[in-house]
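Architecture and fold: a report
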Amino acid sequence: MTGIFGNSSKSASISGNSPFKEAVGIDDLAVYIPQLYLPLEGEFSRRREIDPGKLTRGIGIERMAIPDAHEDAATMAAMSLLELMRRCDLLPEDIGKIHIGTESAVDEAKAIGTYVIGMLEKVYGPGSFQHCSTVEFKSACIGTTLALESISYWVAADEGERVGVVIASDVAKYPLGSSGEYTQGAGSVSLLVKKNPRIAALEQIYGCFTRDENDFFRPTGCTMATVNGKHSNQCYLDAMQGAFASFAAKAARKGIISPKNGECTTDWIDHLLFHIPYPRMIEYASAAIFRQDWKNSSRWSDVEAEIGPEPEAGNYDDLERYRLDLARYARSFARSRQFLEAYNARVIDSAALSRSIGNIYTGSIYLGLASLLELQKLRAHERLCFGAYGSGCSALVFSARVSSEFSSVPSRDLFERLEKRREISLEEYELLHEGVRKESLIQPSGEFALAQIDHQGYRHYEYMS
Ligand code: COA
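Here, residues in each chain are numbered from 1, in the same order as that chain's written sequence. At least 70 in pLDDT is required for a residue's local features to be given in this predicted model, at least 80 for side-chain atom pairs to be given and counted, and no such filter applies to totals for whole chains, interfaces and linings, which use all residues. Excluding hydrogens and water, the side-chain figures rest on all heavy atoms present in the structure.

Labelled according to an unreviewed UniProt entry, the chain appears under the name Hydroxymethylglutaryl-coa synthase, originating from hydrocarbon metagenome. UniProt positions are given in the numbering used here, feature names are shortened, and annotations may be inferred rather than shown by experiment. For the chain, the Sequence similarities (unreviewed entry) comment in UniProt is given as "Belongs to the thiolase-like superfamily. HMG-CoA synthase family."

This is the structure we're talking about:
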């Protein structure tokens, strides 16, 4: 990518940033999405009395992936892991650790990874994973990213040749008729983390922001989250701005990103990938980040020439008035030529898959990476900047560099696979959503399935050949 700010040449001139002896990062990824989907235009928008334009443009989701009766976060995790192992010719003994990020836990104590290993052993043989450890990371939608950060240090330190796997798996579920309902989805992403990765090497700079918030939570025993939707948007933006500032300061201190002569941090970044609860959110997020970042750069005078100066708190007696004017200014910025150019060149493509899938919670940021890979938007040595967010709340911003051999990794044909899914009616969706329908709409074949939950609550899974 040439990039409107000529980013690639700048990032290509930097090398050897990682503190590790050998580069560590994402070698490959596999995505599993359920075979059922509900379109948001048509019956759903009519019966919920919502303008379809609000769903497809205002929110940005066209279809939501819906898990069938035999699917849950554990089966989906096992499916994406199985595909990853087959894609990469991995044997169970090659994998030292499986870290799983999920907020759709199937058990309050037992790690979801033990169920996943139980399923994989039905394919690879009993005991085949007994020397692989597994742990569940719960931190709302940021869990997988914290898992990735953690496993990268283990991979770097491990003397042997074993690899780490990070799995994101979630069912995003809100009450019928709620404003969260049209931001549901389901799916899993498995990441292969190893030395000298073929896709992207982590630069090991993590900018973090954490604050105690009530934007989204699911008290023990509840099957669905309580969400304060508008507040969650604001928490996301606050946390992302805080984490990005921390990332920028660390990257500058380490000399990895050193803006000079009116430049800013984002000039050194080719693609920004954010957590995608719904595609429109990445527009809000990138507008907040570019506005914060550009204010210290020479580009800001062009922005001011187009939309005027930003309101300053010191000029206001009335705090509410200041907030309203600032919100209005943020909207003008999001429509400015400068922002739209940057957004269209460096952000928007990461939401391509999410439009047809919806929210997959902790894996959605890596679905963004899958979108860029499938659309062939990456170039060797480009810098990726990830902005992960988890309600509750925290954000983690980190960077990675595209490896020179990334194009040797085969495509997953994800867009073609999504076209082969089965559309379901609103009634079928509602019965699955409420747990009333117990039989699968599509009989499981060549996949893992939840066969039974016994009288103790233990879950029995099968591989249905
Ligand atoms: N055509 C095009 N756009 C339309 C429209 C139409 N007919 N009608 C409304 N819109 C736009 C709105 O103007 C708004 O865009 P704007 O922010 O640029 O003004 C956008 O659609 C969203 O509409 P809004 O009414 O603000 O949202 P909502 O009440 O449906 O709630 C969420 C949105 C995200 C808060 C809600 O879906 C939710 O709670 N989701 C779950 C939690 C979540 O995902 N949080 C995100 C952070 S993790």
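Next comes the rest of the account.
1. What about the overall build of the chain?
Numbering of helices and strands starts at the N terminus; helices are DSSP runs of H or I of at least 4 residues and strands are runs of E of at least 2. On a plain count of helices and strands, the chain comes out with 15 helices and 16 strands. In terms of overall size, the chain behaves like a compact globule, its C-alpha atoms giving a radius of gyration of 22 Å where 465 residues would be expected to give roughly 23 Å. Burial status across the chain gives 55% buried among its 465 residues. When checking whether two residues touch, look at their non-hydrogen atoms; a contact exists if any pair is within 4.5 Å. Sequence-distant contacts, at least 24 apart, represent 77% of the contacts inside the chain between residues at least 6 apart. We get accessible surface area from the Shrake-Rupley algorithm with a probe of 1.4 Å; when it comes to residues, only the shown protein chains can shield them. Split by element, the accessible area of the chain, about 19400 Å² in all, is 48% carbon and sulfur. By the counting rule applied here, Lys and Arg register as positive and Asp and Glu as negative, while His and the ends of each chain are not counted. Where a charge sits is defined by one atom per residue type, namely NZ (Lys), CZ (Arg), CG (Asp) or CD (Glu). Across the chain, the mean location of the 50 positive side-chain charges is 2 Å away from that of the 62 negative side-chain charges. We compute the radius of gyration from the C-alpha atoms alone; for a globule the expected value is 2.2 Å times N to the 0.38, where N is the number of residues. Any residue under 20% of the maximum accessible area for its type is buried, any over 50% is exposed, and the rest in between are partly exposed; the area is computed with a 1.4 Å probe on protein chains only.

2. Details of the site of the ligand
Residues are classed as near a molecule or strand on a simple rule: at least one heavy atom within 4 Å of it. Neighbouring the ligand are 21 residues; Lys54, Ser179, Tyr182, Arg280 and Tyr284 lie closest to it. Pairs of N or O atoms within 3.5 Å make up the polar contacts considered here, provided that, within protein, one atom can donate a hydrogen while the other can accept it, and that residues adjacent in sequence are counted only when both atoms are side-chain atoms. The separation between an oxygen atom of the ligand and a polar side-chain atom of Lys54 is 2.6 Å. Separating an oxygen atom of the ligand from a side-chain N or O atom of Arg331 is a distance of 3.0 Å. Those elements that provide at least two residues to the shell around the ligand are helix H3 (52-59), helix H7 (229-253) and helix H8 (280-294). Residues were grouped as follows: Ala, Val, Leu, Ile, Met, Phe, Trp, Tyr, Cys and Pro as nonpolar; Asp, Glu, Lys and Arg as charged; and all remaining residues, including Gly, as polar. Along the lines of polarity and charge, the residues of the shell around the ligand split into 7 nonpolar, 8 polar and 6 charged.

3. Describing the environment of Thr75
Mapped onto the elements of the fold, Thr75 is located in helix H4 (residues 73-87). It is 9.9 Å that separates the C-alpha atoms of Thr75 and Gly187, two residues lying 112 residues apart in sequence.

4. Focus: the pattern of salt bridges
A pairing counts as a salt bridge when a side-chain nitrogen of Lys or Arg comes within 4 Å of a carboxyl oxygen of Asp or Glu. All chains considered together, the criterion is met by 25 salt bridges. Of the charged contacts, one joins Arg87 and Asp28 as a salt bridge, the two residues approaching to 2.9 Å between their closest N and O atoms. Remark: Asp28 occurs in strand S1 (residues 24-32) and Arg87 occurs in helix H4; sequence separation between them is 59 residues. Residue classification places Asp28 among the buried positions, given a relative accessible area of 1%. By sharing partners, the salt bridges in this structure join Asp27, Asp28, Arg87, Lys194, Arg198, Glu374 and Arg412 into a single network.

5. A word on the sheet that holds strand S14 (residues 422-423)
With respect to topology, 3 strands assemble into an open sheet ordered S3-S2-S14, the strand pairing being mixed. Every interior strand has two partners, whereas the edge strands, strand S3 (63-66) and S14, have only one. One requirement defines pairing of two strands: DSSP has to find at least two bridges between them. Inspection of the sheet shows strand S2 (residues 36-39) paired to S3 by 4 bridges, in the antiparallel sense. Counted as the bridge partner of Leu36 is Ile66 from S3. Axis lines are fitted to C-alpha atoms, over the contacting stretch for helices. Their N-to-C directions set the angle, which ranges from 0 to 180 degrees. Its contacts with the sheet put helix H15 (residues 426-433) on S2, S3 and S14, and the angle it makes with S2 is roughly 120 degrees.

6. Description of the packing of aromatic side chains
Each Phe, Tyr or Trp ring, with Trp reduced to its six-membered ring, pairs with another whose centre is within 6.5 Å; inter-plane angles below 30 degrees give stacked pairs, above 60 give edge-to-face pairs, and intermediate values give tilted ones. Enumeration over the complete set of coordinates arrives at 19 aromatic pairs. Ring pairing ties together the aromatic residues Phe290, Trp294, Trp300, Phe333, Phe339 and Tyr343, which thus form one cluster. One cation-aromatic arrangement involves Lys110 over Tyr115; the distance from NZ or CZ to the ring centre is 4.4 Å. Any Lys NZ or Arg CZ found within 6 Å of a ring centre and within 35 degrees of that ring's normal is scored as a charge over the ring.

7. Section: the UniProt feature "domain: Hydroxymethylglutaryl-coenzyme A synthase C-terminal" (unreviewed entry) in the chain
Feature annotation in UniProt places "domain: Hydroxymethylglutaryl-coenzyme A synthase C-terminal" (unreviewed entry) on residues 203-430, given in this structure's numbering. For residues 203-430, the helix share is 44%, the strand share is 15%, and the end-to-end C-alpha distance is 44 Å.

8. Here we look at the environment of Lys295
Looking at where Lys295 falls in the secondary structure, it is placed in the loop between H8 and helix H9 (300-307). Residue contacts for Lys295: discarding those within four places in its chain leaves Trp300 and Glu310.

9. As for the UniProt feature "domain: Hydroxymethylglutaryl-coenzyme A synthase N-terminal" (unreviewed entry) in the chain
According to UniProt, the feature "domain: Hydroxymethylglutaryl-coenzyme A synthase N-terminal" (unreviewed entry) maps to residues 22-194 in the numbering used here. Within residues 22-194, the helical portion is 32% and the strand portion 28%, while the C-alpha atoms at the span's ends are 10 Å from each other.

10. Examining the sheet that holds strand S11 (residues 271-274)
Backbone-to-backbone hydrogen bonds join strands into a sheet, with any given pair of strands oriented parallel or antiparallel. Pairing is mixed in the open sheet, where 9 strands are placed in the order S5-S4-S6-S7-S1-S8-S13-S12-S11. With partners counted over all chains shown, the strands left at the sheet margins are strand S5 (133-137) and S11, one partner each. Put simply, the sheet's adjacent strands are angled 25 degrees from each other on average, direction ignored. Judged from the 4 bridges that link them, S11 and strand S12 (residues 383-390) form a sheet pairing that is parallel. Looking at the pairing, Leu272 lines up with Cys385 of S12.

11. Observations regarding empty space enclosed by the protein
Buried and open spaces are told apart on a 1 Å grid over the protein atoms alone, a cavity being a set of points where a 1.4 Å probe fits but cannot get out and a pocket being an open set with protein on both sides within 12 Å along at least five of seven lines. Residues with an atom within 4 Å of a point are the lining residues. Grid points are joined across faces, edges and corners, and a volume is the space filled by probe spheres set on the points. Summed over the entire model, instances satisfying the criterion amount to 3 cavities of 30 Å³ or more. Its volume calculated, the largest cavity comes out at about 60 Å³. What lines the largest cavity is simply Tyr32, Gln35, Leu36, Asp68, His70, Glu71, Ile442, Gln443, Pro444 and Glu447. Across the lining of the largest cavity, the residue classes tally to 4 nonpolar, 3 polar and 3 charged.

12. A few points about unusual backbone geometry
Note that the residue after Gly392, namely Cys393, is joined by a cis bond; omega there is 0 degrees. Position of Cys393 among the secondary structure elements: in the loop between S12 and strand S13 (394-402). You will see that Tyr361, though not glycine, has its phi angle at about 50 degrees, which is positive. Here Tyr361 lies in the loop between helix H12 (354-357) and helix H13 (364-374). Look at Tyr361 and you get buried, because its relative accessible area is 3%. Despite not being glycine, His381 has its phi angle at roughly 75 degrees, a positive value. Mapped onto the elements of the fold, His381 is located in the loop between H13 and S12.

13. Things to note about the packing of H9 against helix H10 (residues 319-334)
Two numbers describe how H9 lies on H10: the axes approach to 10 Å, and their chain directions differ by 105 degrees. The angle between the axes of H9 and H10 places the two elements in the roughly perpendicular class. Residue-level inspection shows Trp300, Val303 and Ile307 of H9 in contact with H10, the latter providing Tyr329, Ser332 and Phe333. Class assignment of the residues belonging to the contact of H9 with H10 gives a composition of 5 nonpolar, 1 polar and no charged. Orientation is classified from the angle alone, with under 35 degrees giving roughly parallel, over 145 giving roughly antiparallel, 65 to 115 giving roughly perpendicular, and any other angle giving oblique.

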